[in-house]
Amino acid sequence: MTVKVRRQRPRRRVFWALVAVLLADLLALSDTLAVMSVDLGSESMKVAIVKPGVPMEIVLNKESRRKTPVIVTLKENERFFGDSAASMAIKNPKATLRYFQHLLGKQADNPHVALYQARFPEHELTFDPQRQTVHFQISRQLQFSPEEVLGMVLNYSRSLAEDFAEQPIKDAVITVPVFFNQAERRAVLQAARMAGLKVLQLINDNTATALSYGVFRRKDINTTAQNIMFYDMGSGSTVCTIVTYQMVKTKEAGMQPQLQIRGVGFDRTLGGLEMELRLREHLAGLFNEQRKGQRAKDVRENPRAMAKLLREANRLKTVLSANADHMAQIEGLMDDVDFKAKVTRVEFEELCADLFERVPGPVQQALQSAEMSLDEIEQVILVGGATRVPKVQEVLLKAVGKEELGKNINADEAAAMGAVYQAAALSKAFKVKPFVVRDAVVYPILVEFTREVEEEPGVHSLKHNKRVLFSRMGPYPQRKVITFNRYSHDFNFHINYGDLGFLGPEDLRVFGSQNLTTVKLKGVGDSFKKYPDYESKGIKAHFNLDESGVLSLDRVESVFETLVEDSPEEESTLTKLGNTISSLFGGGTTPDAKENGTDTVQEEEESPAEGSKDEPGEQVELKEEAEAPVEDGSQPLPPEPKGDAAPEGEKATEKENGDKSEAQKPSEKAEAGPEGIAPAPEGEKKQKPARKQRMVEEIGVELVVLDLPDLPEDKLAQSVQKLQDLTLRDLEKQEREKAANSLEAFIFETQDKLYQPEYQEVSTEEQREEISGKLSAASTWLEDEGVGATTVMLKEKLAELRKLCQGLFFRVEERKKWPERLSALDNLLNHSSMFLKGARLIPEMDQIFTEVEMTTLEKVINETWAWKNATLAEQAKLPATEKPVLLSKDIEAKMMALDREVQYLLNKAKFTKPRPRPKDKNGTRAEPPLNASASDQGEKVILPAGQTEDAEPISEPEKVETGSEPGDTEPLELGGPGAEPEQKEQSTGQKRPLKNDEL
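Just so we're clear, the structure is a prediction, and the values are computed from it rather than from any experiment.

1. Topic: the overall build of the chain
Item 1. Within the chain one finds 27 helices and 33 strands.
Item 2. Counting across all 999 residues of the chain, residues that qualify as buried make up 45%.
Item 3. The long-range share in the chain, meaning contacts at least 24 apart out of those at least 6 apart in sequence, stands at 72%.
Item 4. As displayed, the chain has an accessible area near 52,100 Å², and 50% of this comes from carbon and sulfur atoms.

Set out below in structure tokens:
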């Protein structure tokens, strides 16, 4: 048995060493595990992070604010963001860009481009001839696309998050408006790539708000469906969302809360910005009216004056939400003329009367898309800053017919908190409580294709077919497969938006192109020639609508099948081998194996699109490549990779039984052994040796983007490099400014110190004049040549001055430290001497310290006393202007050496066990002294069974109890009425080291 234990010890040591290494690696990885979210609003953005130890926290910007304006000022040699850029908007309005998100994914002929130019005429917009998009022309050298400007903002948001988290961050979830179409979403993803961010998901801002609401009210969600309406009026747009909360059963975690987007309505231009523009126009009219007879220019022609009026309109709108009237005041609005005018809330409401009439519109759209009535809505919750306008709440309350509007959510930060929760859920570094999110498709997507049909013998015609790929308000993310069964040659099909009748005429113009992509297939005919003896199962196109709501065509395959015969004996052997391997690794027919099998794909056939005129012989079918949800409607599981997919020229086999239904095939595949052979009784295999063999041929795909072409890779790389260069330039500028500020501060501080008594005491007049002259020369150089000096030159100048003043500063600092250090040294010497004296008084039989140890301590004490006295005497002979011989670091070294010796003896006294005491001559124990502590009196030793008090005392008592009982044996005899004087000194000497330990 002993041999076994010794053999296991090295293994245990190796195991614990591996555990220590793994823990160290995990701790190192924890420094890079943070994720972030960006709630990208039209006017401002909120950034939130999650990192180990910091769950869901809003990031503070450099001004310690939780909300940062989405404004960028671009000048020739510098950039400004946030509040700094907002202040620059008055000085340089042309170079200050705001509300540029409204131009994302828009071509030059889009009505929103013209609207932007009307709102901000100071900006010069140019057009990209290749993509037909717009650019901001700041100057001849500076030109930026909206995607590049957004990339700058996202990069700035990441820098804020990294400064707050104190670690690098790359993973992010970004919010986008729910009404963003495919082109707009792709534009945001391109901007994130330019910023170097890895986008975990583009989440709709209304979904993020709903998720935040549900996460913090998880306990209130039950199996009964609760319908909540969120009315979000921000700066640029308004969105109304109907969300259903309910507990559902999931395959992975049982009953979990779920939110489902049921209905969505929106108004792209209804928001706080339009109200501020109305106020700005009103204030401009009042100012022109005041200067009517002075032949003054129209204030609308002055960009700086209009920027001041817009800022005042924003402040005025906020104040009028709580007051009936307010005085608008702008100092030096134009031509050094001040502006002052009184504006009432009634006037403001009259200016925005038509806007308030549009408030109920999104509510009606949401109800129609959800096919619900207001009676089914339990609560209406306000979100967004513009909902604080009293008239908006009044009109909305009347439209929804509720007693009150819900204000129990943070209107500014809800979306950011919901997005960062989703970021933590998507990140592999965190484990959060599951919350099922079922987002909804706002714009339906369909597939259109044309094929030749023979209606009568010899009469051929073209037939146009439509298939709804993703229906309106259908859930996503989702994968679907569409199969073309009647094509044996190369053909094309089109991906377009579906029925957009719910949009008005103006919204359709803003929406842009309704055609997404034309797909040209190449290699269909070659695949049929390659497998002439196989039966075609059609051309399968695999589509993916991912978590960000972006549609992609994953691949197109030509699938063939044929029957092949296998040897029954060989098949039985392979089946047995497969079953054995599966059982060894926990596989087989367990539910987990079915659920986690990589080749399980459930395909649901979908009904034809409404209004399609397919004949009964039409063979095109649409299938959903995702696992079906459970009965109570939980979110579909993510799609699993298709087992029959293979690169071009490769084969994939599949075992199928002809009498099985389509719904049973996934379970067969999951239980299949090697080479697709399903486990079955050996006798049955002998009866059915034939099996199906599937061949998959990859089809070449050429995509022609019709809505908005993406940036080519070379152009995207140029934009990435441009932003990186700007970021590097900003960092270098910040470093140079820091070096210049440090040099300037050192010059002024040192010049001031030269006249202070403590510095004059340790320096001569010549030394001070030399230092003062160098400082004056450096100050002159900084004013004259410092503007063009590099960072290296500034740092070298600062290092030169510090070296010059090093001796002076050293002497002052040493004299400041002397009193404290010498006092501490004296205290340590006194206490050490007392401790040594007490240690020598311990009787010989109870002595725990050796003579060598006490002699060593005495030697250190004496040497320290001698060093201190000699050094102080030598220092007294030196003038104050010379380098001192009494150094604080030497005092600390002496204290450390002395303290080390004392601590060694104190630790020895702590852990030394007291020796057992013999009983006195009369056979009785001595009573404890009157001044004995309670702990001394309470320590008793229970003797082992069968042992009397006359027996030899034991060194390690088996049980120690507090409290004194008759007959107990005490481990120490502290003295009593009959004790000798030597015994009293002995007890006193035993307690002395413990008292010194308290020092």
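Next comes the rest of the description.
2. Brief notes about the sheet that holds strand E7 (residues 96–98)
Item 1. One open sheet holds the three strands; their spatial order is E6-E5-E7, and the pairing between them is antiparallel. The open sheet has two edge strands, strand E6 (79–81) and E7, and neither has a second partner. Between one strand axis and the next, the sheet turns through 20° on average, direction left out of account.
Item 2. Alignment of strand E5 (residues 71–74) against E7, held across three bridges, turns out to be antiparallel. Note that in E7 the partner of Ile71 across the bridge is Arg98.
Item 3. Contacts between helix H2 (residues 82–91) and the sheet are confined to E5, E6 and E7, with E6 contributing the most and set at about 110° to the helix.

3. Observations concerning the confidence of the model for the chain
Item 1. Taken residue by residue, the chain gives an average pLDDT of 80. The fraction at 70 or more is 76%.
Item 2. Here helix H17 (residues 591–596) is the element of the chain with the lowest mean pLDDT, 34, and strand E11 (residues 171–176) is the one with the highest, 96.
Item 3. Low pLDDT (under 50) marks residues 24–30, which in the prediction has two contacts with non-local residues, meaning those over four places away or in another chain.
Item 4. This model gives residues 925–999 a pLDDT under 50, and the stretch forms 93 contacts once residues within four places in sequence are excluded.

4. Quick notes on the packing of helix H4 (residues 146–165) against helix H5 (residues 182–194)
Item 1. Interaxial distance between H4 and H5 falls to 8 Å at its minimum, and their mutual angle equals 55°. Judged by the inter-axis angle, H4 sits oblique to H5. For the crossing formed where H4 meets H5, the hand is right-handed. Only Ala187, Val188, Gln190, Ala191, Ala192 and Met194 of H5 make contact with H4, whose side of the interface consists of Glu147, Glu148, Leu150, Gly151 and Leu154.

5. Remarks on the pattern of salt bridges
Item 1. Inspection of every chain in the model, using the stated rule, returns 42 salt bridges.
Item 2. Between Lys795 and Glu735 there is a salt bridge, with its nearest N and O atoms 3.0 Å apart. Of the two residues, Lys795 sits in helix H23 (residues 791–840) while Glu735 sits in helix H20 (residues 713–753), which places them 60 residues apart along the sequence.
Item 3. Classification of Lys795 as partly exposed rests on a relative accessible area of 44%.

6. Quick notes on the packing of H20 against helix H22 (residues 765–784)
Item 1. Following both chains from N to C, one finds H20 and H22 inclined at 145°, their axes separated by 10 Å at the closest point. The way H20 lies across H22 gives a crossing that is left-handed. The segment H20 lies against H22, with Ala740, Leu743, Glu744, Phe746, Ile747, Thr750 and Gln751 engaging Ile771, Leu775, Ser776, Ala778, Ser779, Trp781 and Leu782.
Item 2. Looking at the contact of H20 with H22 residue by residue, the classes come out as nine nonpolar, four polar and one charged.

7. Focus: the nonpolar core
Item 1. Phe230, Tyr245, Phe484, Phe493 and Phe543 are the most contacted members of the largest nonpolar core, which totals 130 residues.
Item 2. The residues contacting Phe230, other than those within four sequence positions of it, are Thr209, Ala210, Tyr213, Val239, Cys240, Thr241, Val243, Tyr245, Ile381, Val383 and Ile409.
Item 3. Grouped together as the second largest cluster of nonpolar side chains are 45 residues, Ala284, Ala305, Ala328 and Val363 included.

8. Here we look at unusual backbone geometry
Item 1. Each neighbour pair has its own omega, and for Tyr476 with Pro477 the value is 10°, a cis peptide bond.
Item 2. With respect to the helices and strands, the residue Pro477 is situated in the loop between strand E22 (475–476) and strand E23 (478–484).
Item 3. Phi angles above zero are rare outside glycine, and Ser64 is one such case at about 60°.
Item 4. Along the chain, Ser64 turns up in the loop between strand E3 (54–58) and strand E4 (68–69).
Item 5. Of note in this structure, Glu371 is not a glycine but carries a positive phi near 55°.
Item 6. Tracing the sequence through the fold places Glu371 in the loop between helix H11 (361–370) and strand E18 (379–383).
Item 7. Assessed through its relative accessible area of 71%, Glu371 is described here as exposed.

9. Brief notes about the pairing of strand E12 (residues 198–204)
Item 1. Two strands pair when backbone bridges link them, and E11 and E12 are joined in this way by six bridges, in the parallel orientation. Note that in E12 the partner of Val176 across the bridge is Asn204.
Item 2. Taken together, E11, H5 and E12 form a β-α-β motif whose crossover is right-handed.

10. A closer look at a negative patch on the surface
Item 1. On the surface, a cluster of negative charge is made up of Glu744, Glu783, Asp784 and Glu785.
Item 2. Here Glu744 is to be found in helix H20.
Item 3. Overall, Glu744 belongs to the partly exposed group, its relative accessible area being 36%.

11. A closer look at the environment of Ile174
Item 1. With respect to the element layout, Ile174 can be found in strand E11.
Item 2. Setting aside chain neighbours within four positions, we find Ile174 in contact with Val38, Leu154, Val188, Ala192, Val199, Gln201, Leu202 and Ile203.

12. A look at the sheet that holds strand E8 (residues 125–127)
Item 1. On the basis of which strands lie adjacent, the open sheet formed by three strands has the order E8-E9-E10 and antiparallel pairing. In the strand order of this sheet, the two ends are held by E8 and strand E10 (143–144), each with one partner.

13. Observations regarding the packing of aromatic side chains
Item 1. Across all of its chains, the model carries 27 aromatic pairs by this definition.
Item 2. With a centroid separation of 4.7 Å and 70° between ring planes, the pair formed by Tyr443 and Phe511 is classed as edge-to-face. Here Tyr443, found in the loop between strand E19 (436–440) and strand E20 (445–456), pairs with Phe511, found in helix H14 (residues 505–511); they are 68 residues apart in sequence, far enough to count as distant. An identical accessibility class is assigned to Tyr443 and Phe511; each is buried.
Item 3. Cluster of aromatic residues (ring-pair linked, three or more members): Phe449, Phe484, Tyr487, Phe491, Phe493 and Phe543.
Item 4. Above the face of the Phe502 ring, Arg472 is positioned so that its terminal group lies 3.7 Å from the ring centre.

14. Topic: the side chain of Asn496
Item 1. Locating Asn496 in the fold gives a position in strand E24 (residues 492–497).
Item 2. Of the polar contacts made by the side chain of Asn496, one reaches the side chain of Glu448; its length is 3.2 Å.
Item 3. Beyond its immediate chain neighbours, meaning those up to four positions away, Asn496 contacts Pro444, Ile445, Leu446, Glu448, Gln514, Asn515 and Leu516.

15. Some remarks on H4
Item 1. For H4, which comprises 20 residues, the first-to-last C-alpha distance of 28 Å matches the rise-based estimate of 28 Å (1.5 Å per residue) to within 8%.
Item 2. Among the 20 residues that make up H4, 16 are buried, leaving the element largely enclosed by the rest of the structure.
Item 3. Phi turns positive, to about 60°, at Glu166, one or two residues after H4.

16. Digging into H2
Item 1. Restricting attention to buried positions, one finds in H2 the residues Gly82, Asp83, Ala85, Met88, Ala89 and Ile90.
Item 2. Against the buried residues of H2 lie E4, E5, E6, E7 and helix H8 (303–320).

17. Regarding the environment of Leu103
Item 1. Along the chain, Leu103 turns up in the loop between E7 and helix H3 (111–119).
Item 2. Residue classification places Leu103 among the buried positions, given a relative accessible area of 1%.
Item 3. Residues Leu103 and Glu147 lie 44 residues apart in sequence; the distance between their C-alpha atoms is 9.0 Å.

So, how was this worked out
- Residues numbered from 1 in each chain as written.
- Predicted model: local features only at pLDDT ≥ 70, side-chain atom pairs only at ≥ 80, totals over all residues.
- Heavy atoms only, no water.
- Helix = DSSP H or I, 4+ residues; strand = E, 2+ residues; numbered from the N terminus.
- Buried < 20%, exposed > 50% of the residue type's maximum accessible area, 1.4 Å probe, protein only.
- Contact = heavy atoms within 4.5 Å.
- Areas by Shrake-Rupley, 256 points an atom, 1.4 Å probe, with all protein chains shown as cover.
- Pairing = 2+ DSSP bridges.
- Axes fitted to C-alpha atoms, helices over the stretch in contact; angles between N-to-C directions.
- pLDDT = per-residue confidence, 0-100.
- Parallel < 35°, antiparallel > 145°, perpendicular 65-115°, else oblique.
- Left-handed = near helix turned anticlockwise from the far one by under 90°.
- Salt bridge = Lys/Arg side-chain N within 4 Å of Asp/Glu carboxyl O.
- Nonpolar A, V, L, I, M, F, W, Y, C, P; charged D, E, K, R; others polar.
- Core = buried A, V, L, I, M, F, W, Y, C linked by side-chain atoms within 4.5 Å.
- Right-handed = clockwise from strand over helix to strand, strands pointing away.
- Patch = residues over 30% accessible without salt bridge, like charges linked within 9 Å, V, L, I, M, F, W, Y side chains within 5 Å.
- Lys, Arg positive; Asp, Glu negative; His and termini not counted.
- Charge placed at Lys NZ, Arg CZ, Asp CG, Glu CD.
- Phe/Tyr/Trp six-rings, centres within 6.5 Å; stacked < 30°, edge-to-face > 60°.
- Lys NZ or Arg CZ within 6 Å of the ring centre and 35° of its normal.
- Polar contact = N/O pair within 3.5 Å; in protein donor to acceptor, adjacent residues only side chain to side chain.
- Expected span 1.5 Å × (residues − 1).

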